[in-house]
Amino acid sequence: MRVIDAHHAQALDWHMTLTCMEREIPVNATAVGIRAHSFAISEKTERSSIADIYYFPIKAYQILEDVFEWNVSFKPNEESTWIQWKIAKSDWNVNEKRMPEFLSVNADELLFF
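Here the structure is a predicted model, which is why all the values come from computation and not from measurement.

Colleague: Pulling in residues and values, what's your account of the pairing of strand β1 (residues 2–5)?
Modeller: In this structure, β1 lies alongside strand β2 (residues 8–11), joined through 3 bridges in antiparallel fashion. Residue pairing in the sheet places V3 in a bridge with A9 of β2. Hairpin connection from β1 to β2: 2 residues lie between these consecutive antiparallel strands.

Below you can see the structure in the form of structure tokens.
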């Protein structure tokens, strides 16, 4: 990750620019992460004007079944590294529902290290 200024950073492994208007990005941050359970299924493709929300398109994915949840590795673009999404089987049945086109996460869920 490369910090651009107090509210912008480049997530180099994801090939994305992040904008956090609700809080400042630590100037000494060298990495960004998202908890795998923080993602939500979303059909939106635009940033919200009310809050900082990031939309991750799912361009490639792999699904692994666990006892109580689905573990999905996905890429938001061809150049990105794999990102983890975990969702309870009670919240999403992979056999009955199609793979979502987008996942979203609120900017306050971004973890800067």
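After that view of the structure, there is still more to cover.
Colleague: Let's hear about the sheet that holds strand β3 (residues 16–19): which residues, and what values?
Modeller: Reading across from one edge, β1-β2-β3 is the order of the 3 strands in this open sheet, with antiparallel pairing throughout. Either end of the sheet is taken by a strand with one partner, and the two such strands are β1 and β3. On average, each strand axis in the sheet is tilted by 25° relative to the strand beside it, whichever way the strands run.

Colleague: Any chance you could break down the pairing of strand β9 (residues 83–88) for me, citing the residues and the numbers?
Modeller: Note on strand geometry: in a regular strand, side chains alternate between the two faces of the sheet. Of the two faces of β9, the one lined by I83, W85 and I87 is fully buried and the one lined by Q84, K86 and A88 carries no buried residue. Judged from the 6 bridges that link them, strand β8 (residues 69–75) and β9 form a sheet pairing that is antiparallel. In the sheet register, F74 faces β9, and the bridge partner there is I83.

Colleague: With reference to specific residues and values, describe the side chain of E69.
Modeller: Looking at the element boundaries, E69 is found in strand β8. Within the local environment of E69, its side chain forms a polar contact with the side chain of H37, the two groups lying 2.9 Å apart. Excluding residues that lie within four positions of it along the chain, E69 makes contacts with H37, L64, K86, I87, A88 and K89.

Colleague: Break down the pattern of salt bridges for me, citing the residues and quoting the values.
Modeller: Under the defined criterion, the tally for this structure stands at 2 salt bridges. As a salt-bridge pair, K89 and E65 come within 2.6 Å of each other at their nearest N and O atoms. With a gap of 24 residues between them, K89 in the loop between β9 and β10 (102–106) and E65 in strand β7 (residues 60–65) connect regions that are remote in the sequence. Since its relative accessible area comes to 26%, K89 is described here as partly exposed. Between E69 and K86 there is a salt bridge whose closest N-O contact spans 4.0 Å. Of this pair, E69 sits in strand β8 while K86 sits in strand β9, placing them 17 residues apart in sequence.

Colleague: Let's hear about the packing of aromatic side chains: which residues, and what values?
Modeller: Evaluation of the coordinates by the stated rule reveals 5 aromatic pairs. With a centroid separation of 5.9 Å and an interplanar angle of 80°, the aromatic rings of W14 and F56 are classed as edge-to-face. With W14 in the loop between β2 and β3 and F56 in strand β6 (residues 53–57), this pair connects stretches of sequence that are 42 residues apart. Neither residue differs from the other here; W14 and F56 are each classed as buried. Geometrically, the ring pair formed by F39 and F56 is edge-to-face, given 5.4 Å between the ring centres and 85° between the ring planes. Taken as a pair, F39 in the loop between β4 (32–34) and β5 (40–42) and F56 in strand β6 lie far apart in primary sequence, 17 residues in all. Here F39 matches F56 in class, with each residue buried. The positively charged end of K89 is found above the aromatic ring belonging to W70, 5.1 Å away from the centroid.

Parameters at a glance
Residues numbered from 1 in each chain as written. Predicted model: local features only at pLDDT ≥ 70, side-chain atom pairs only at ≥ 80, totals over all residues. Heavy atoms only, no water. Pairing = 2+ DSSP bridges. Helix = DSSP H or I, 4+ residues; strand = E, 2+ residues; numbered from the N terminus. Axes fitted to C-alpha atoms, helices over the stretch in contact; angles between N-to-C directions. Buried < 20%, exposed > 50% of the residue type's maximum accessible area, 1.4 Å probe, protein only. Polar contact = N/O pair within 3.5 Å; in protein donor to acceptor, adjacent residues only side chain to side chain. Contact = heavy atoms within 4.5 Å. Salt bridge = Lys/Arg side-chain N within 4 Å of Asp/Glu carboxyl O. Phe/Tyr/Trp six-rings, centres within 6.5 Å; stacked < 30°, edge-to-face > 60°. Lys NZ or Arg CZ within 6 Å of the ring centre and 35° of its normal.

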